[in-house]
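# Summary of structural features
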Amino acid sequence: MAARWSLRVAVAALVVAAATALTQAEETVAKPPARKPSYHDFRRDIFAISKVRSASIVMLGDSITEAGPWDELTGCRSMANRGIGGDTTAGVLARLDDVVKLRPRALFLMIGVNDVALGVPRERTVENYRRILDRLDGPDFRTFVAYVLPVAKSYAKWRNNESITTLNTAIAGLIAGRANVTAIDLRPLVSDHDGFLREDLSYDGLHPSAKGYAIWRDAIAAEVTTFCAP
């Protein structure tokens, strides 16, 4: 009798254990592990806790914009850097409301190289860009769009300036006819005779060097002077 009772208890314990394991497995399937915050998330979180609530000028884009200490480069202290490394046209579109809340007098945008690098279909990139410009083309401030810079010959990871050129052609078409959007073309200032980014103006073949940022700074100096409030 005792042996039979012990067997029943053991069987019951196995059933309970199996049921518990099944429940845990189902919960694991139903609740996948939480996604770790990305660098994009981190940067947006930093912007969210910033005590800067307004800026005369906003610099908007990806790592090429983010790396420039624009207030120090230009001397305009009422300037906010809203560049995020790795950002795309979709990323910029998703955070435009946060940028517009800063109530800038002028906004400088450069975005698109990561779309090309990631293989985002051109049609999607152009549509995202169109929606960005639709949002920024208004009477409240001026938008200055810089064409995407080419990469240097030494940039071994990726050499696709043809795709960048094609995207810039599409961007030019989107800008045309917009009253409050102006194109800024840095390419003649930073390219070699083959259309690549000059080696002396980049430290890695993709991002500008200090000399490259100085050229960019000087190219927009008049606009910064006009729109930077005391």
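In what follows, the structure referred to is the one given above.
Heads up: these notes are all about the structure in this document. Owing to the predicted nature of the structure, the values given are computational and were not obtained by experimental measurement. (Residues numbered from 1 in each chain as written. Predicted model: local features only at pLDDT ≥ 70, side-chain atom pairs only at ≥ 80, totals over all residues. Heavy atoms only, no water.)

Counting its secondary structure elements, the chain contains 12 helices and five strands. Counting the 230 residues in the chain, one finds 41% classified as buried. In the chain, of all internal contacts separated by at least 6 residues, the share reaching a separation of at least 24 is 72%. When the accessible surface of the chain is split by element, carbon and sulfur atoms take 58% of a total near 12700 Å². (Helix = DSSP H or I, 4+ residues; strand = E, 2+ residues; numbered from the N terminus. Buried < 20%, exposed > 50% of the residue type's maximum accessible area, 1.4 Å probe, protein only. Contact = heavy atoms within 4.5 Å. Areas by Shrake-Rupley, 256 points an atom, 1.4 Å probe, with all protein chains shown as cover.)

Inspection of every chain in the model, using the stated rule, returns one disulfide. Paired through a disulfide, Cys76 and Cys228 show a sulfur-sulfur distance of 2.1 Å. On the sign convention where negative is left-handed, the bridge of Cys76 and Cys228, at about 95° about the S-S bond, is right-handed. In this pair, Cys76 is assigned in the loop between α4 (70-74) and β2 (79-83) and Cys228 in the segment after α12 (221-227), connecting sequence segments 152 residues apart. (Disulfide = S-S within 2.5 Å.)

All right, on to the environment of Ile175 then. With respect to the secondary-structure elements, Ile175 resides in helix α9 (residues 161-175). Residues Ile175 and Tyr129 lie 46 residues apart in sequence; the distance between their C-alpha atoms is 9.8 Å. In this structure, Ile175 is in contact with Leu133, Val145, Tyr147, Val181 and Ala183, ignoring residues within four places of it in sequence.

Moving on, we get to the pattern of salt bridges. Considering all chains together, one arrives at 14 salt bridges under this definition. Between Arg135 and Asp97 there is a salt bridge whose closest N-O contact spans 3.1 Å. Of the two residues, Arg135 sits in helix α8 (residues 122-136) while Asp97 sits in helix α6 (residues 96-100), which places them 38 residues apart along the sequence. Residue Arg135 is classed as partly exposed on the basis of its relative accessible area, which comes to 39%. Between Glu127 and Arg130 there is a salt bridge, with the nearest N and O atoms lying 2.5 Å from each other. Taken as a pair, Glu127 and Arg130 lie in helix α8 at a separation of three residues, close to a single helical turn. One network of salt bridges, in which partners are shared, links Glu127, Arg130, Asp134, Asp137 and Arg178. (Salt bridge = Lys/Arg side-chain N within 4 Å of Asp/Glu carboxyl O.)

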